[in-house]
Amino acid sequence: MSRDSPGAPAIVGLQRIALLEGLSRDTLEAVARACAWRNFHRDQQIVSRESADGEVYFIVAGRVRVTTYSGSGREVAFRELGAGELIGDLAAIDGMPRSADVIALE
């Protein structure tokens, strides 16, 4: 795939993911083809707490907020993540339900 091909922007986005640093262009192209690319709008839920899916999400642009609820029912924000980071890795590794909600900020 040349740099001018339609898949090139996806590879540029993946090059920003810290976990994928050092992978060859061919490997990044293979990862890009395996990804299901999605756009999320502000305040759209990306991941639901307690869901059983095991997907990993690479944040190639924008920001997200990771939240959960305290024992008293109050929403608690863990942190905000941006381009180059990923979410969902723990559920993908341990097979357990999601432990937090993830909402798109931008």
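Reading guide: rules and limits
- Residues numbered from 1 in each chain as written.
- Predicted model: local features only at pLDDT ≥ 70, side-chain atom pairs only at ≥ 80, totals over all residues.
- Heavy atoms only, no water.
- Helix = DSSP H or I, 4+ residues; strand = E, 2+ residues; numbered from the N terminus.
- Buried < 20%, exposed > 50% of the residue type's maximum accessible area, 1.4 Å probe, protein only.
- pLDDT = per-residue confidence, 0-100.
- Contact = heavy atoms within 4.5 Å.
- Pairing = 2+ DSSP bridges.
- Axes fitted to C-alpha atoms, helices over the stretch in contact; angles between N-to-C directions.
- Core = buried A, V, L, I, M, F, W, Y, C linked by side-chain atoms within 4.5 Å.

**Observations concerning the overall build of the chain**
Line of reasoning, step 1. Looking only at helices and strands, the chain features three helices and six strands.
Line of reasoning, step 2. For the chain, the N- to C-terminal ordering of α and β elements is α-α-β-β-β-β-β-α-β.
Line of reasoning, step 3. Oriented by its inertia axes, the alpha-carbon framework of the chain measures out at about 55 × 30 × 20 Å.
Line of reasoning, step 4. Taking all 106 residues of the chain together, the buried fraction comes to 30%.

**Considerations on the confidence of the model for the chain**
Do not read the predicted coordinates in detail wherever pLDDT is low.
Line of reasoning, step 1. Residue-level pLDDT values for the chain average 86, and 92% of them are 70 or greater.
Line of reasoning, step 2. The least confident element of the chain is helix α1 (residues 8-15), whose mean pLDDT is 80; the most confident is strand β6 (residues 101-104), at 95.
Line of reasoning, step 3. pLDDT under 50 marks residues 1-7. Its contacts with residues more than four places away, or in other chains, come to nine contacts.

**Brief notes about the sheet that holds strand β3 (residues 63-69)**
Line of reasoning, step 1. Sheet architecture is open: four strands sit in the order β1-β6-β3-β4, paired in antiparallel fashion. Unpaired on one side and paired on the other, β1 (45-47) and β4 (75-82) mark the two borders of the sheet. Averaged over all pairs of adjacent strands, the angle between their axes in this sheet comes to 30°, without regard to strand direction.
Line of reasoning, step 2. Where β3 and β4 come together, seven bridges link them in antiparallel fashion.

**What about the nonpolar core?**
Soluble globular proteins tend to bury their nonpolar side chains together.
Line of reasoning, step 1. One finds I46, V47, Y57, I59, V64, V66, L81, I87, A100, V102 and A104 forming the largest nonpolar core, which totals 11 residues.
Line of reasoning, step 2. Residue assignment for this core shows that the elements contributing at least two residues are β1, β3 and β6.
Line of reasoning, step 3. Residues contacting L81, with those up to four places away along its chain left out, are I59, G62, R63, V64, V66, L86 and I87.
Line of reasoning, step 4. Core analysis: the next-biggest nonpolar cluster, separate from the first, contains seven residues, I11, L14, I17 and A32 among them.

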